[in-house]
Each structure stands twice: as C-alpha cells, then as structure tokens.
Amino acid sequence: MDKYFYEVHVNIPRNGYSFAIESNKSLSDEEVISLGIELGRFEETSDADCVDYVGEITEYEYSTMR
C-alpha cells in the first residue's frame, strides 16, 4: 500500500509553524488541510486560513517532523 506524506506550513506573523500529515492516498492541498483540521493538527481551527504551503515530503522528512 502506498503512503503519502505532506508538510503543511501555517504563516502567522511571529508564530508560524509546520506539521506533517500521512495518508494512504494522494491528496489535494484542500484535502490535506481538511485532514489537518479533522486530526486537530492546527493550533486553532482558524489557522487553516493561514496555510501558505502544502507540499509532499519523503517518509524520512515525515519521521523527523512528528
């Protein structure tokens, strides 16, 4: 089974942050953000409006971000 790994970067002045998401299928940026909301990965739900980058990363990169 294929696994896909994504980095989500939230751009908030003086408090930006990133987190990683794992999925069993390829996702669009919007699907990655929705999954992040479902999993409670955003510090605040409204932070989803401040995402400036969603990108696919390697499994190794994923393991270093968790």
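Above this text you will find the structure in question.
Because the structure is predicted, anything quoted here is derived from the model rather than measured.

## Side note on the overall build of the chain
For step 1, the next point in the chain: Helix and strand counts for the chain stand at two helices and three strands.
For step 2, the next point in the chain: For the chain, whose C-alpha radius of gyration is 11 Å, the value lies close to the compact-globule estimate of 11 Å for 66 residues.
For step 3, the next point in the chain: Referenced to the eigenvectors of the C-alpha coordinate spread, the extents of the chain come out at roughly 35 × 20 × 15 Å.
For step 4, the next point in the chain: Where the 5 positive side-chain charges of the chain centre and where its 15 negative ones centre are 6 Å apart.

## Re the packing of aromatic side chains
For step 1, the next point in the chain: Enumeration according to the criterion identifies three aromatic pairs in this entry.
For step 2, the next point in the chain: Aromatic side chains Phe 5 and Tyr 62 sit 4.9 Å apart centroid to centroid with 45° between the ring planes, which places their arrangement in the tilted category. Here the residue Phe 5 occupies a position in strand β1 (residues 4–10), and Tyr 62 occupies one in helix α2 (residues 59–65), the gap between them amounting to 57 residues. Neither residue differs from the other here; Phe 5 and Tyr 62 are each classed as buried.
For step 3, the next point in the chain: Ring geometry for Phe 19 against Phe 42: centres 4.9 Å apart, planes inclined by 85°, an arrangement best described as edge-to-face. Of this pair, Phe 19 sits in strand β2 (residues 17–23) while Phe 42 sits in the loop between α1 (29–38) and β3 (51–57), placing them 23 residues apart in sequence.
For step 4, the next point in the chain: Given a relative accessible area of 3%, Phe 19 falls into the buried group.
For step 5, the next point in the chain: Of the aromatic side chains, those joined through ring pairs into one cluster are Tyr 17, Phe 19 and Phe 42.

## A short note on the pairing of β1
For step 1, the next point in the chain: When β1 meets β2, the two strands line up antiparallel, connected through seven bridges. Following the sheet pairing, Tyr 6 is matched in β2 by Ile 21.
For step 2, the next point in the chain: Bridge analysis of β1 against β3 gives six bridges, and the strand direction is antiparallel. Of the residues in β3, the one forming a bridge with Phe 5 is Ile 57.

Conventions used here
- Residues numbered from 1 in each chain as written.
- Predicted model: local features only at pLDDT ≥ 70, side-chain atom pairs only at ≥ 80, totals over all residues.
- Heavy atoms only, no water.
- Helix = DSSP H or I, 4+ residues; strand = E, 2+ residues; numbered from the N terminus.
- Rg over C-alpha atoms; globule rule 2.2 N^0.38 Å.
- Lys, Arg positive; Asp, Glu negative; His and termini not counted.
- Charge placed at Lys NZ, Arg CZ, Asp CG, Glu CD.
- Phe/Tyr/Trp six-rings, centres within 6.5 Å; stacked < 30°, edge-to-face > 60°.
- Buried < 20%, exposed > 50% of the residue type's maximum accessible area, 1.4 Å probe, protein only.
- Pairing = 2+ DSSP bridges.

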